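Summary of structural features
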Amino acid sequence: MAEVDAKFESSSASSKVGEDKCSEWTTVVSKTGTKGKLSQNGVEDTWLNPLFRIGYNRRLEEHDMYKVLPEDGSERLGEDLQWYWDQEVQWAAKDLRTPRLTRVLIACYWRSYSVIGIFTLIEEIIKVIQPVLLGKLIRYFESYDPDNMDALYEACGYAAGVSLSTLGLAALHHLYFYHVQRAGMKIRVAMCHMIYRKALCLNSTALGKTTTGQIVNLLSNDVNKFDEVTIFLHFLWVGPLQAAAVMVLLWYEIGPSCLAGMAVLVFLMPIQTLFGRLFSSFRGTTAALTDNRIRTMNEVVSGIRIIKMYAWEKPFAALVDEVRRKEISKIMKSSYLRGLNMASFFVASKIIVFITFTVYVLMGNRISASRVFVAVSLYGAVRLTVTLFFPNAVEKVSEALISIRRIKVNSSLLSTILGELTPDKGVVKFKGELTYASQQPWIFPGTIRSNILFGKALHPQKYERVLRACALKRDMELLPDGDLEVIGDRGATLSGGQKARVSLARAVYQDADIYLLDDPLSAVDAEVGKHLFEQCICGLLRKKPRILVTHQLQYLKAADQILVLKEVSVSVCMRTGGSNAVPYHLYSWVPVQHVLEESRSEGTIGLHLYLKYFRAGANVLVLLALVFLNLLAHVSVLMYSPDVFVSFCTLFCLCIGLTGATIVFGFLRSLVFFNVLVNSAQTLHNRMFTAILRTPVRFFDINPIGRILNRFSKDIGYLDSLLPWTFVDFIQVFLQILGVIIVAAAVIPWILIPVVPLLVVFLFLRRYFLQTSRDIKRLESTTRSPVFTHLSSSLQGLWTIRAFKAQQRFQQAFDAHQDLHSEAWFLFLTTSRWFALRLDGICSIFVTLTTFGCLFLRDDLKAGAVGLALSYAVTLVGMFQWGVRQSAEVENMMTSVERVVEYTELESEAPWETDKRPPPDWPRHGFITFDQVNFSYYADSPPVLKNITAVFRSREKVGIVGRTGAGKSSLISALFRLAEPDGRISIDGVLTAEIGLHTLRQRISIIPQDPVLFTGTMRKNLDPFSQHTDEDLWNALGEVQLRTVVEELPGRLETMLAESGSNFSVGQRQLVCLARAILRRNKILIIDEATANVDPRTDGLIQQTIREKFRECTVLTIAHRLNTIIDCDRILVLDAGRIQEYDEPYVLLQNQEGVFYQMVQQTGKAEAASLMTIPELGVYLILWLTVFTCFPLCACIRVAKILELDKRKNNSVSIAILNECFVCIKFILL
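So, how was this worked out
Residues numbered from 1 in each chain as written. Predicted model: local features only at pLDDT ≥ 70, side-chain atom pairs only at ≥ 80, totals over all residues. Heavy atoms only, no water. Helix = DSSP H or I, 4+ residues; strand = E, 2+ residues; numbered from the N terminus. Buried < 20%, exposed > 50% of the residue type's maximum accessible area, 1.4 Å probe, protein only. Areas by Shrake-Rupley, 256 points an atom, 1.4 Å probe, with all protein chains shown as cover. Contact = heavy atoms within 4.5 Å. Arc of directions from axis to C-beta. 1 Å grid on protein atoms, 1.4 Å probe; cavity = no way out; pocket = protein on both sides within 12 Å on 5 of 7 lines; lining within 4 Å. Points joined across faces, edges and corners; volume = space filled by probe spheres on them. Nonpolar A, V, L, I, M, F, W, Y, C, P; charged D, E, K, R; others polar. Axes fitted to C-alpha atoms, helices over the stretch in contact; angles between N-to-C directions. Parallel < 35°, antiparallel > 145°, perpendicular 65-115°, else oblique. Left-handed = near helix turned anticlockwise from the far one by under 90°. Phe/Tyr/Trp six-rings, centres within 6.5 Å; stacked < 30°, edge-to-face > 60°. Lys NZ or Arg CZ within 6 Å of the ring centre and 35° of its normal. Pairing = 2+ DSSP bridges. Core = buried A, V, L, I, M, F, W, Y, C linked by side-chain atoms within 4.5 Å. Salt bridge = Lys/Arg side-chain N within 4 Å of Asp/Glu carboxyl O. Expected span 1.5 Å × (residues − 1). Polar contact = N/O pair within 3.5 Å; in protein donor to acceptor, adjacent residues only side chain to side chain. Patch = residues over 30% accessible without salt bridge, like charges linked within 9 Å, V, L, I, M, F, W, Y side chains within 5 Å. pLDDT = per-residue confidence, 0-100.

**Here we look at the overall build of the chain**
When its secondary structure is counted, the chain shows 39 helices and 21 strands. Taking all 1230 residues of the chain together, the buried fraction comes to 60%. Accessible surface, the chain as shown: approximately 48800 Å² in total, 60% of it carbon and sulfur.

**Some details on the environment of S969**
Among the structural elements, S969 can be located in helix 29 (residues 968–976). In this structure, the C-alpha to C-alpha distance between S969 and G496, residues 473 residues apart in sequence, is 9.6 Å. Not counting the four nearest positions on each side in its chain, S969 is found in contact with Y937, D1088 and I1118.

**A word on helix 2 (residues 49–57)**
Among all positions in helix 2, only L51, F52 and G55 are buried. Considered in projection along helix 2, the buried side chains sweep an arc of 100 degrees and stay on one side of the axis. On its buried side, helix 2 packs onto helix 25 (752–796) and helix 27 (807–856).

**Points about empty space enclosed by the protein**
Considered as a void within the structure, the second largest cavity measures approximately 390 Å³ in volume. Lining of the second largest cavity is provided by 25 residues; of these, N221, K225, R283, G717 and S721 occupy positions nearest its centre. Per-element accounting of the lining of the second largest cavity gives the leading share, 7 residues, to helix 24 (residues 705–747). Counted by class, the lining of the second largest cavity contains 4 nonpolar, 11 polar and 10 charged residues.

**Considerations on the packing of helix 4 (residues 101–142) against helix 5 (residues 149–200)**
Following both chains from N to C, one finds helix 4 and helix 5 inclined at 165 degrees, their axes separated by 8 Å at the closest point. Looking at the two axes, helix 4 sits roughly antiparallel to helix 5. For the crossing formed where helix 4 meets helix 5, the hand is left-handed. Here the residues of the contact of helix 4 with helix 5 sort into 27 nonpolar, 7 polar and 4 charged.

**Observations regarding the packing of aromatic side chains**
On inspection of all chains with the given rule, the structure shows 27 aromatic pairs. Considering the side-chain rings of Y176 and F177, the 5.0 Å spacing of their centres and the 75 degrees angle between planes classify their relative orientation as edge-to-face. Under the relative-accessibility criterion, Y176 is labelled buried at 0%. The class of F177 is buried, set by a relative accessible area of 2%. Between the NZ or CZ atom of R711 and the centre of the ring of Y903, over which it lies, the distance is 4.1 Å.

**A short note on the pairing of strand 10 (residues 928–935)**
Here 5 bridges tie strand 10 to strand 11 (residues 945–952), and the two strands are oriented antiparallel to one another. Note that in strand 11 the partner of F930 across the bridge is A950. Strand direction decides the pairing type here: strand 10 and strand 13 (residues 982–987), joined by 5 bridges, are antiparallel. Bridge pairing in strand 13 places T929 opposite S986.

**Observations regarding the packing of helix 32 (residues 1030–1039) against helix 34 (residues 1066–1080)**
Between helix 32 and helix 34, whose axes approach to 9 Å, the crossing angle comes to 130 degrees. When the axis of helix 32 is compared with that of helix 34, the two are oblique. By crossing handedness, the relation of helix 32 to helix 34 is classed as right-handed. Contacts from D1032, L1033, A1036 and E1039 in helix 32 reach A1075, I1078 and L1079 in helix 34. Of the residues assigned to the contact of helix 32 with helix 34, the class counts are 5 nonpolar, no polar and 2 charged.

**Brief notes about the sheet that holds strand 13**
The strand order across the open sheet built from 4 strands is 11-10-13-14, with neighbouring strands paired in antiparallel fashion. Looking at strand neighbours, the two that pair on one side only are strand 11 and strand 14 (990–991), the edges of this open sheet. The strands touched by helix 29 are strand 10, strand 11 and strand 13; relative to strand 10, the strand with the most contacts, the crossing angle is about 110 degrees.

**Comments concerning the nonpolar core**
By size, the foremost hydrophobic cluster in this structure holds 214 residues, and its most contacted members are L219, F727 and M894. Of the residues forming this core, the biggest block, 15 residues, is contributed by helix 24. Apart from the residues lying within four places of it in its own chain, the contact partners of M894 are I605, L609, Y610, Y613, L723 and F727.

**A few points about the pattern of salt bridges**
Scanning the entire structure with this criterion turns up 41 salt bridges. E61 serves as the salt-bridge partner of R59, at 3.1 Å between the closest nitrogen and oxygen. A residue is classified by how much of its surface remains accessible, and R59, at 24% relative accessible area, is partly exposed. Three or more residues joined by partner-sharing salt bridges are found here, namely D715, K777, E780, R784 and R899.

**Section: helix 5**
The terminal C-alpha atoms of helix 5, which comprises 52 residues, lie 76 Å apart, in line with the 76 Å expected from a rise of 1.5 Å per residue. Most of helix 5 sits inside the fold, with 38 of its 52 residues counted as buried. Measuring from the backbone nitrogen of D150 back to the side-chain oxygen at the start of helix 5 gives 3.3 Å, which picks out N148 as the cap.

**A look at the pairing of strand 13**
Note that strand 13 and strand 14 share 2 bridges and pair antiparallel. The partner of S986 across the bridge, within strand 14, is L991. Taken together, strand 13 and the strand that follows it, strand 14, pair antiparallel across an intervening segment of 2 residues, in which D988 is found at a positive phi of about 50 degrees.

**Focus on a nonpolar patch on the surface**
Taken together, the side chains of L121, I125, I129, W237 and L241 make up a nonpolar region of the molecular surface, amounting to roughly 430 Å² of accessible area. Element by element, the count of residues in the nonpolar patch is highest for helix 4, at 3 residues. By relative accessible area, I129 is classed as partly exposed at 43%.

**Considerations on the sheet that holds strand 19 (residues 1114–1118)**
Across the sheet, which stays open at both edges, the 6 strands sit in the order 15-18-19-12-20-21 with mixed pairing between neighbours. The open sheet has two edge strands, strand 15 (1004–1007) and strand 21 (1138–1143), and neither has a second partner. The mean inter-strand angle of the sheet, taken between neighbouring strand axes irrespective of direction, is 20 degrees. The strands touched by helix 34 within the sheet are strand 15 and strand 18 (1084–1088), with strand 15 carrying the most contacts at an inclination of about 170 degrees.

**Focus: the confidence of the model for the chain**
Predicted confidence across the chain gives a mean pLDDT of 76, with 80% of residues reaching 70 or more. Taken together, the stretch residues 410–418 has pLDDT below 50 and engages in 28 contacts with residues farther than four places along the chain or on a different chain.

**A closer look at the side chain of T290**
Tracing the chain through its elements places T290 in helix 10 (residues 258–302). Its relative accessible area of 6% is what places T290 among the buried residues. Every residue in contact with T290, bar those within four places of it in the chain, is listed here: N217, N221 and E327.

**Considerations on unusual backbone geometry**
When glycine is set aside, most residues are seen to have a negative phi, and most peptide bonds are trans. With omega at -10 degrees, the peptide bond leading from W922 into P923 counts as cis. With respect to the secondary-structure elements, P923 resides in the loop between helix 28 (863–904) and strand 10. Positive phi is not limited to glycine here, since D988 has a value of about 50 degrees. Tracing the chain through its elements places D988 in the loop between strand 13 and strand 14.

Structure (C-alpha cells):
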C-alpha cells in the first residue's frame, strides 16, 4: 500500500497541497457561504462531503471552492521567505560571498519539515514489523495442533497485529504525505511570490537579458519541483536505517543467504541513483529549451498580426519545431531513463527472490512457507525504499537544485527620470510625485474603468472631467457595458487611438505633481489630438508641470520651454491652452470585441479522447505490439509466485527462464510505452501550434496571452512527463491486479468472494469521486491562466507600473490570482486524499476479514495457502485501491490532453494556398478594386466597413485618413483578409477571395504601425525564408541608413536581437520594417501609421525612401500626420466605416465644407497654411512643367514640319519659324 501511495504522490506531486498543524481545526468557508471544519491533522476530512454532493449533482464553479487558509496565502508565505532572503543578503555581504537561495529555504522551513519525518519513520518501522507478524501467523499453520488453544490465542494476537498494522500504515501514510505536500506547496507559492516581486524590480538592462517565456517557465514548471522534492527528501536518511533493520531480520530468518539478495539491492541502488543524476542533467537542458520555446510562443502570440500579414507562419513554425525537436529529444531520453527505472523496480523483486533462495537451497537449507513469505515481504519493504524512494530523493533533490539556480536572478530622457536607465554621470533630481503616459500605450486585462482608476478611488465628478478631457465620453456611451466593459490582453480589443486615450486618462486621473507624457498624441488624428492638447494637457493639467515629448511641432508654440536633444525635441507646456476644443461627439468608434471566459469541458473523459491521444503517438500496428509486450511481461509474472520455491529443485530451469523473460519483456514494455506517449505529446503540441497559426486573429483578441501560454507550458508539461509516467504505472498495476486475481483464485478460490463486492464498492467510489475531482482539476487549469496573464501583462507595463508606484498593488493582485489557484489546487489534493483514505479504510477491513477468516478455516488450510492468501490479500487490496486511484489520476491528467486537443480543433482561416494560382509575376501593375465591400471582424458583429467601393490605380500614391476608429486599419485588414470581407476585392483583376492567403499576403508589403522584431538574428528578422543574398540585405539596410548601425553590432547580421527587438529604438525598428518591404519588391505597399511614433528626421527618411524605392508601386498610406500624405496623388477620407471623400488633395481642399478640409484646419493655423500650400504648389509645378517641356517640344515639332514642307515647296521658312517662336513666348508669358 505504501508503495502504490508513494507512486501516486510522485506522479501527482505537482498537483498537491496540504496542512501542517497537527492539532488545530480551521473553519473553512466556501464563497457561497457553506461552512465546514477542516482538520489540519490531514485525516479528518468530512468537511468535504457537502462539496462532493454538489459536484455529484452539477458542475462545480469557482464560487463553490473554499477560501484559501490564511497561513497558505501567497502574500504571507512570500513575505516570510523574503525576510529570510533579506537576512541572507546581509550575511553574504558581510562574508563577501554570493547569497544562496538554498540556505534561505533551509532556514525558513527546516523546523516544520523535520518534524514530519517522525511520521515516515514510524511508518517504515511498522512496515518492517508487519512481515514478522505475518511469519509468526504462518508458523502457527505449519505446526498446527487443533488442541493447542494457547497457540490459537497467540495466533489471534498476531492476526490482530497484522490488522492493526494495516490500519496504522494507512493513517500514518496519509498523515505524512498530507504534511510534506503542504510543505512543498508553501515553498512553491512563496517562490512564485518572490519571482514576481523580482520581476517588478527588473530594470531595462536586466529585462533585456530576461524573456517573458523564461519567467513563465519558472512559474509553470521549475517551482513545481519543490512540490516533488519534499515528498522523498526524508527517505535519504530513513532508507539506510530501514535497510539496516531489514538485514538484521533477514539474517535472523534465512541466515547469510540474505546477503545475496541485499547485494542485488546494493548493486541496484547506485545504478538508479545514477539514473536520477542523469535525469536531472537532462532536466537542466530541457528547461533551457522550454524557456526558448515559451519565449518564442510569447512573441508569436504577441505579434500574430504581423506574422500573418507578412505570411511568416511557416518560418516561425520551423523555428518552434526545431526548438521543440531538441526539447523532445531530451524529454525522450529522460523518459527512457524513467522507463528503465520503472522496469528495474518491476523486475527487482523477482531477481532478488530468485538469487536469495537459490543461494539458500545451495547452502543445504530447506525452504518453509513462513521463511519464504517473511523474506519476500521484508525484501518488498526495503526494495521500495532502496530502489524507488531513495533514487527518487536523489533525482528530485538534483532537479530542485537546478530549479533554484535558474530561479536566482540577479524613451531615454524619461526613463532616466523614472529611474529605468542609470545616468552615466550627473544627477537626476525631482520633487513631488511623478506620473507617466507611455509612448506605446499599455493596457492590462480588466475593465476600462480599472485601467483609468489604476487603484485610485472613484470620484464621479473628477472621473467625468477626465473622460471628457481625454475624449472618451462618447466611447463609453457606445459600449454595451460602458466603462465596465472588459477589454482584452494588451488592449487588443481597442483601437490604437482608444488605447492612447485610456493610457492618457490613467495618468491624468492620478492627480500627481509632475506629468511625464511620452508622445501621447501620435496615435490619434489631428482633431482628437487638438482636443487632447487643449482640453487635457493645456486644460485640465494647466496648473501642473508637464514634460511633453512630441514630434508634432505645431504644439511647441504653447510651451514655456523647449529642450532640443539630438534627434529628439522635448517641450514643457505650462500655460493655459488657447482656442475652443473640437466637439468630442465627432469621434468615430470601433465595436469592442468581448474577452471570453476560458472554456471548460464537462462530464467524463470519453474513449475517443484516449484514442486520439494514443493514435497521435503511434499507428495501430505499434499499439498492438505494445499490448502484446504488456501481456508477455505479465504472463511471466503470473507464473512467478513465491509458492514455486517449495519445489525449487524441479523448477530451477523454469525460474531462470521466467526471470529472464520478466526482465526482457519488462524493459521492452516500459521503453516502447514511453516512446509512444512522448511521441503523442510531440504530435499534439505540433498540431496545437499549427492550429494556433491558422486560426483567425480574432481568437487572439478574445483570449489573453497567459491563457494561451498556459496550454503550451503547463498542459504540455503534463503531457511531456507526468502523464506518460502515470499512464505506464496504471497499465502495469492493472495487469498486475489481473494476474494476482488469476493466481490467487487458482490456489484459493474462496478469495474471490470478498473480491467481487470490493470491486463494486471501489468502482462506485471512483465514479462518485471523479464527478467532483474532474471539475476541480479543470478549475485548477483555468485558474492557473490568470497567473500567467497577469505576469505577462505586468512585464509589458513595467515602466508604467513603477512610474505610478503601483508595484504593491500589482503584487497583491498576483497574490490574489495565486490564492484563487491555490483554492482549486488545495481541493484537488484534499479530495484525492478523501478518496484514498476511504479506499484504504475498506482495504484494512478486507485484510482483517481475510486474516481472521484464515484462523476460522484453520482446519482446512495449509501453511503455504495461508501465506499466499494473506500476502495476496495485502497486495491485492493495496493494488486495488492503487489501481482505482491511478485510473482516477489518469482521467484527471487527461484534462490536459482535453485542453490541448481543444486547441488543435480551433476554427481555421482560409487555406494558405489553393489550386487557383495567379501568374508568377502577379501583380504586375498593382491595380486594386474594392467593389461594395462590407467588413466585420467576426460573425454577427456590426460591420466596421460599409459598402466600400473604390479604385486604387496602378503606381498611384493614395493617402487614407479619418478620425480615430473611422475604419482605416479595417480597410487594410480587409485587403489582407485577416477576416473574410463581403463583396469583391481584386488586384490586377484577380479576386483575392479565390487565392490562398499566403499567395495574397506575400505579394503585398506592409510597414506596420507597431514595428515588431522577433528574438533571433538580424538576418532572420529581415529574411526569414533565406531568399536574399548578403549583398541584398546590406543594400536594403543601406537604403534605410541602418547599415552602419548593424555593422557596429558584435555579430553584424548574425547578432541576436533581444525579445521584441528591445535593444533597438522605435525608430530603428520601424526602419527595419521598411528594409523588409524593400527586400520583398512587391508592387503594392501598405503603410499603416508607420511614422506615428518616430521623430521628424526618421519620418522624413522613411518618406524619402518610399518615394525613391517605391516609385513604380501602388502605395496606400494610413496616417494621422497629414503632412505625410498631403502630396499623395489622391486622398481617401473615411468616417464611421464609409467613404466620405476620395479625390486629389487640391480638389478636396477647395471644398470648405468637406471633412478633409476640416481636418486640415484643426491642425492649427500655421500647420494648416503649410498643408494648404503644398497641393497648390503641386498644381503650379505641374503647369510649369507642362509649359517648359510640352510646349517647347510642340514648337520644335511644328518647326520640323515647316522645314519638311519648305523642302518640298522650295519656299522661305524664316517667317514661319518666327511665328512659331512668338506663339511659344506668348504662352509662357501668360
